[in-house]
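# Structure assessment
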Amino acid sequence: MQAVILAGGFGKRLAPLTSETPKPLLPVGGKPILVRQIEWLRSYGVTDVILAVGYLRHKVFEALGDGRKFGVRIFYSVEEEPLGTGGAVKNASLFLTDDLFIVVNGDVLTNLPVDKMVEALGDAEGAIALVPLRSPYGIVEFDENGRITRFREKPVLEGFYINAGVYVLRRRLLQELPDRGNIEETLFPKLAQQRKLKAVVFKDVFWRSVDSLKDLEEVDRHFANNEH
């Protein structure tokens, strides 16, 4: 199986850490984000990983090489300028030969069983992993008399799900992707309107997106204490 990891962003919200290190190479629990992603994908049968790289790409080349030491083959799809998530996937089309392939955002860390997404695809054109929405804030509960009963720290908000940044797509969709633009704003709304996009919900999995220094610290602590 083949997977594209979108690893070309600037990671501005993680500055100054990303001034000399691309965001996907930032360490969490002693391993770069990209290495953890590759190990996760490999455990579900991915043999070929296409890295869509741009910013500080030479650092990625040096760190990962051809992928042999991680048990996969790594290919590099280079963006001379930012193309957006859709443009980045389309730019990688030269390396995509299988009928189905996986796409992963370069800042996502998860252990979700990606093979379940392939199984769930059915006659749909694509599938998106969804995870429960976790409140960014603590919740305060109180009774009818206005007396506070308890505090809940960043609970999962039941009934609400977010895009986990992990997709399974059919190769024929490549021709519908924009040369420049985000897949979430171009192709996905179109497929949703046609009822050709499958939602695959994962409730009891580890999932984090590293968007800020606080996220990085939390994920680093998690992997330092819980090896996945």
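An unreviewed UniProt entry lists the chain under the name Nucleotidyltransferase family protein, from Pyrobaculum arsenaticum.

### Remarks on the overall build of the chain
Along the backbone of the chain there are six helices and 13 strands. Radius of gyration (C-alpha) of the chain: 18 Å, near the 17 Å computed for a compact globule of 228 residues. In terms of its C-alpha atoms, the chain occupies a principal-axis envelope of roughly 65 × 45 × 30 Å. Within the span of the chain, comprising 228 residues, buried residues form 45% of the whole. Long-range pairs, those at least 24 residues apart, make up 73% of the contacts in the chain with a sequence separation of at least 6. Accessible area for the chain stands at about 11900 Å²; split by element, carbon and sulfur atoms hold 51% of it.

### Considering the UniProt feature "domain: Nucleotidyl transferase" (unreviewed entry) in the chain
Listed under "domain: Nucleotidyl transferase" (unreviewed entry) in the UniProt record, and renumbered for this structure, are residues 3-223. For residues 3-223, the end-to-end C-alpha separation is 23 Å, with 23% helix and 32% strand making up the annotated structure.

### A word on the pattern of salt bridges
Within this structure, the stated rule accounts for 13 salt bridges. Among the ionic pairs, E218 bridges to K154, the shortest N-O distance being 3.4 Å. Of this pair, E218 sits in helix α6 (residues 213-225) while K154 sits in the loop between β10 (148-152) and β11 (156-170), and the two are 64 residues apart along the sequence. For E218, a relative accessible area of 28% corresponds to the partly exposed category. Each member of the salt-bridge network shares a partner with another, and the members are E141, R150 and R152.

### Some words on the sheet that holds strand β1 (residues 2-7)
The strand order across the open sheet built from seven strands is β5-β4-β1-β6-β11-β8-β12, with neighbouring strands paired in mixed fashion. One side of each edge strand has no neighbouring strand; the edge strands of this open sheet are β5 (73-78) and β12 (197-201). When the angles between neighbouring strand axes are averaged without regard to direction, this sheet yields 30°. As paired elements, β1 and strand β4 (residues 48-53) share six bridges and run parallel to each other. What sits directly across from I5, in β4, is L51. Against the sheet, helix α1 (residues 33-42) makes contact with β1, β4, β5, β6 (100-105) and β11, and its axis sits at roughly 165° relative to β1, the strand it touches most.

### Some words on the pairing of β11
Along any regular strand the residues' side chains alternate between the sheet's two faces. Pairing of β6 with β11, which is carried by five bridges, proceeds in the antiparallel orientation. By the bridge assignment, V104 is partnered in β11 with V166. Examined bridge by bridge, strand β8 (residues 126-134) and β11 share eight bridges and lie antiparallel to one another. Residue pairing in the sheet places V131 in a bridge with I162 of β11.

### Concerning the side chain of T110
Along the chain, T110 turns up in strand β7 (residues 108-110). Owing to a relative accessible area of 10%, T110 belongs among the buried residues under this scheme. At 3.1 Å, the side chain of T110 forms a polar contact with the backbone nitrogen of L112. Polar side-chain contacts of T110 include one of 2.6 Å to the backbone oxygen of F206. Not counting residues up to four positions away in its chain, the partners in contact with T110 are W40, F206 and W207.

### Here's the deal with unusual backbone geometry
A cis amide bond, omega 10°, links A15 with the succeeding residue P16. One non-glycine residue, L56, adopts positive backbone phi at about 50°. With respect to the element layout, L56 can be found in the loop between β4 and α2 (57-64).

### Comments concerning the pairing of strand β9 (residues 139-142)
Relative to β10, β9 runs antiparallel, the two sharing four bridges. Looking at the pairing, I139 lines up with R152 of β10. With antiparallel pairing between neighbouring strands as the criterion, β9 and β10 make up a hairpin whose turn holds five residues, including G146 at a positive phi of roughly 80°.

Conventions and cut-offs
Residues numbered from 1 in each chain as written. Predicted model: local features only at pLDDT ≥ 70, side-chain atom pairs only at ≥ 80, totals over all residues. Heavy atoms only, no water. Helix = DSSP H or I, 4+ residues; strand = E, 2+ residues; numbered from the N terminus. Rg over C-alpha atoms; globule rule 2.2 N^0.38 Å. Buried < 20%, exposed > 50% of the residue type's maximum accessible area, 1.4 Å probe, protein only. Contact = heavy atoms within 4.5 Å. Areas by Shrake-Rupley, 256 points an atom, 1.4 Å probe, with all protein chains shown as cover. UniProt positions renumbered as here; feature names shortened; annotations may be inferred. Salt bridge = Lys/Arg side-chain N within 4 Å of Asp/Glu carboxyl O. Pairing = 2+ DSSP bridges. Axes fitted to C-alpha atoms, helices over the stretch in contact; angles between N-to-C directions. Polar contact = N/O pair within 3.5 Å; in protein donor to acceptor, adjacent residues only side chain to side chain.

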